Amino acid sequence: MREYFSDLHIHIGRTYKGKAVKITASKTLTFSRILEEAADRKGLDMVGIIDMHSPEVLEEMADLIQAGLVQELPRGGLRYKDTTIILGSEVELRFETRGTAHFLVYFPTVRDMKEFSSWLAKRVKNIQLSTQRAYTTAQELQDRVSLGEGFMIPAHIFTPFKSIYGNCSSSMEELLDTSRIPAVELGLSSDSEMADCLSELANKTFVTNSDAHSLPKIAREYQKMQMQECSFKELFMALLREDGRKVTANYGLHPKLGKYHMTRCARCEELVREHAEGRCPYCGHLQLITGVYNRLIEIADRVTPVHPPHRPAYIHQVPLEFIPGLGPKKMEELLFHFKTEMNILHVAKQEELASVVGEKVANLILKNRSGEMVLEVGGGGRYGKILS
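Procedures and definitions
- Residues numbered from 1 in each chain as written.
- Predicted model: local features only at pLDDT ≥ 70, side-chain atom pairs only at ≥ 80, totals over all residues.
- Heavy atoms only, no water.
- Helix = DSSP H or I, 4+ residues; strand = E, 2+ residues; numbered from the N terminus.
- Buried < 20%, exposed > 50% of the residue type's maximum accessible area, 1.4 Å probe, protein only.
- Contact = heavy atoms within 4.5 Å.
- Salt bridge = Lys/Arg side-chain N within 4 Å of Asp/Glu carboxyl O.
- Core = buried A, V, L, I, M, F, W, Y, C linked by side-chain atoms within 4.5 Å.
- Pairing = 2+ DSSP bridges.
- Phe/Tyr/Trp six-rings, centres within 6.5 Å; stacked < 30°, edge-to-face > 60°.
- Polar contact = N/O pair within 3.5 Å; in protein donor to acceptor, adjacent residues only side chain to side chain.
- Arc of directions from axis to C-beta.
- Disulfide = S-S within 2.5 Å.
- Lys, Arg positive; Asp, Glu negative; His and termini not counted.
- Axes fitted to C-alpha atoms, helices over the stretch in contact; angles between N-to-C directions.
- Parallel < 35°, antiparallel > 145°, perpendicular 65-115°, else oblique.
- Left-handed = near helix turned anticlockwise from the far one by under 90°.

Draft legend 1. Structural view of the environment of Ile153. Along the chain, the position of Ile153 falls in strand S7 (residues 151–154). Accessibility expressed as a relative area gives 0% for Ile153, which makes it buried. Sequence separation between Ile153 and Ala212 is 59 residues, and the spatial gap between their C-alpha atoms is 17 Å. Excluding its chain neighbours within four sequence positions, the residues that come into contact with Ile153 are Phe103, Leu104, Tyr106, Ala183, Val184, Glu185, Val207 and Leu239.

Draft legend 2. Looking closely at the pattern of salt bridges. All told, the structure shown has 21 salt bridges when counted by the stated rule. The partner of Glu115 in a salt bridge is Arg111, and the shortest N-O contact between them spans 3.2 Å. Here Glu115 and its partner Arg111 are both found in helix H3 (residues 110–121), four residues apart, which amounts to about one turn of the helix. Residues joined by salt bridges that share partners form a network here, namely Glu37, Arg41, Lys42, Glu332 and Glu341.

Draft legend 3. Looking closely at the nonpolar core. Among the nonpolar cores identified, the biggest contains 95 residues, and Ile85, Phe95, Leu176 and Leu201 are the most heavily contacted of them. Not counting residues up to four positions away in its chain, the partners in contact with Leu201 are Ile157, Phe158, Tyr165, Met172, Val184, Ala195, Phe206 and Arg311. Residues Tyr4, Tyr106, Phe151 and Val247 belong to the second largest nonpolar core, which totals 20 residues.

Draft legend 4. Seen up close, the side chain of His156. Inspection of the secondary structure puts His156 in the loop between S7 and helix H5 (164–167). With relative accessibility at 10%, the residue His156 sits in the buried group.

Draft legend 5. Region of interest: the pairing of strand S6 (residues 100–107). Across the eight residues of S6, eight count as buried, placing the element largely inside the fold. Across the two faces of S6 the burial is the same, with Thr100, His102, Leu104 and Tyr106 and Ala101, Phe103, Val105 and Phe107 all buried. Between strand S5 (residues 83–94) and S6, which pair antiparallel one after the other, the connecting turn spans five residues, and Glu96 there sits at a positive phi close to 45 degrees.

Draft legend 6. Region of interest: the packing of aromatic side chains. Summed over the entire model, instances satisfying the criterion amount to eleven aromatic pairs. Between Phe151 and Phe232, the aromatic rings sit 5.4 Å apart at their centres with planes inclined by 35 degrees, giving tilted as the arrangement. Here Phe151 is found in strand S7, whereas its partner Phe232 is found in helix H7 (residues 232–240), with 81 residues between them in sequence. A relative accessible area of 4% places Phe232 in the buried class.

Draft legend 7. Fine view of unusual backbone geometry. Even without glycine at this site, Asp51 takes up a positive phi of about 80 degrees. Here Asp51 shows up in the loop between strand S2 (46–49) and helix H2 (55–66). Its identity is not glycine, yet Lys81 carries a phi of approximately 55 degrees, on the positive side. On the secondary structure map, Lys81 appears in the loop between strand S4 (78–80) and S5.

Draft legend 8. Local environment of the sheet that holds strand S13 (residues 271–272). Spatially, the three strands line up as an open sheet ordered S13-S12-S14, and their pairing is antiparallel. Looking at the sheet topology across the chains shown, the edges are occupied by S13 and strand S14 (288–289). Sheet analysis places strand S12 (residues 263–265) next to S13, joined by two bridges and oriented antiparallel. Its bridge partner being in S13, Arg264 is matched across the sheet by Leu271.

Draft legend 9. Representation of the environment of Thr15. In this fold, Thr15 is placed in the loop between strand S1 (2–10) and helix H1 (31–42). Considering only alpha carbons, one finds Thr15 and Glu56, 41 residues apart in sequence, at a separation of 6.1 Å. Beyond its immediate sequence surroundings of up to four residues, Thr15 is in contact with Val21, Thr30, Glu56 and Val57. Here Glu56 takes part through its side chain, which lies 2.6 Å from a polar atom of the side chain of Thr15.

Draft legend 10. Molecular detail of helix H9 (residues 328–338). Where H9 is concerned, the buried positions are Met331, Leu334, Leu335 and Phe338. Down the axis, H9 shows its buried residues gathered within 100 degrees of arc, on one side only. Structural note: H9 exposes Lys329 and Phe336 on the side pointing more than 90 degrees away from its buried face. Where H9 is buried, its residues touch H1, helix H10 (341–346), helix H11 (350–357) and helix H12 (359–370). Positive phi appears at Lys339, one or two residues downstream of H9, with a value of about 80 degrees.

Draft legend 11. The state of the cysteines, seen in detail. With the rule as written, the count across this model stands at zero disulfides. Distance from the sulfur of Cys268, which forms no disulfide, to the nearest cysteine sulfur (Cys280) is 3.7 Å.

Draft legend 12. View of the side chain of Glu90. Mapped onto the secondary structure, Glu90 falls in strand S5. Despite being buried, Glu90 has no salt bridge partner; Lys22 is the closest side chain of opposite charge, sitting 4.1 Å away. In this structure the side chain of Glu90 is engaged in a polar contact, spanning 3.0 Å, whose partner is the side chain of Thr131. Aside from chain neighbours lying at most four places away, what touches Glu90 is His9, His11, Lys22, Ile50, His102, Phe103, Leu104, Thr131, Gln132, Ala155 and His156.

Draft legend 13. Region of the structure containing the packing of H9 against H11. Packing of H9 against H11 leaves a shortest axis separation of 9 Å and a crossing angle of 130 degrees. For the element pair H9 / H11, the angle class is oblique. Viewed along their axes, H9 and H11 form a crossing whose handedness is right-handed. Every residue of H11 that contacts H9 at Lys330, Glu333, Leu334, His337 and Phe338 is listed here: Glu352, Leu353, Val356 and Val357.

This is the structure:
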């Protein structure tokens, strides 16, 4: 068994022909550029690339396989250099009057993804685009994913827009066959301390992914997984916690840094910490953007979290670009010496870091590793800040 770093939620902004896929994502976020960034700069062992259902993305992938730059793996997934690619797609479902939520679906082979793309094309308005609303039911989607030997994960489960708990229900079991849900994605504004206040999540593996909309945001959040090898089959076993495979650590932003952590007024933008009954206590405006923390207080069935024995440590960590004083020039110097961001974050020693970027920045990187950063809370669509 070995431990591997993985980020399982990376969007595609444009196809290799320049056609939009995730409209809100960067134009540089193409399939090929993601592979280069993840393997060469980030140092990730596994990436889940979302939007692989898009026909032109499938074309680009086929060209790379034909050229021998990408290889299909016997136990599912693709390989680029030392990085494994898991083929994924994000689907939006509407639950009648309850609201809409996003789901991540993953498949083991190119053939499975092509067949899913054909199925999905009949149920969305534009198969080229990311995260289209599928005119189907949750049961039908779960059945189709299982038919392709894939699995499904509810995405960013607490965010105020497009999530199971954020705007659909106080119980996942009311909407899904949870026996077929191996894991849930926490999202940027929550962590294990918060999520384990919901008892129905006790048997679910937590994943922490970047939901990257640009190349620098890849590995903004990620996890360390114990597996025999990097493949689709091993990933699925790790999420199910079978035969020693498991998530051994979650690395994510401190919830206070998440842009939807606290409720914020849509007009005056003040954070609203107390119960306000839908009206801003500062300016009286009626539109409040409900924060993840506030929503959890409403739906939690535990006052304090209860962590099951299988729950790994959640390590509060910020991307290197967030660290004060670590600008592009110093970042390139670090990469020259240590090769990848994973090496900087997990391997390089304090004295080695200090020899490249000085004691002050090196100490901040070490404080980042131990979760000792001083933070300013975020909310209402605005990220928090690192103060020191």
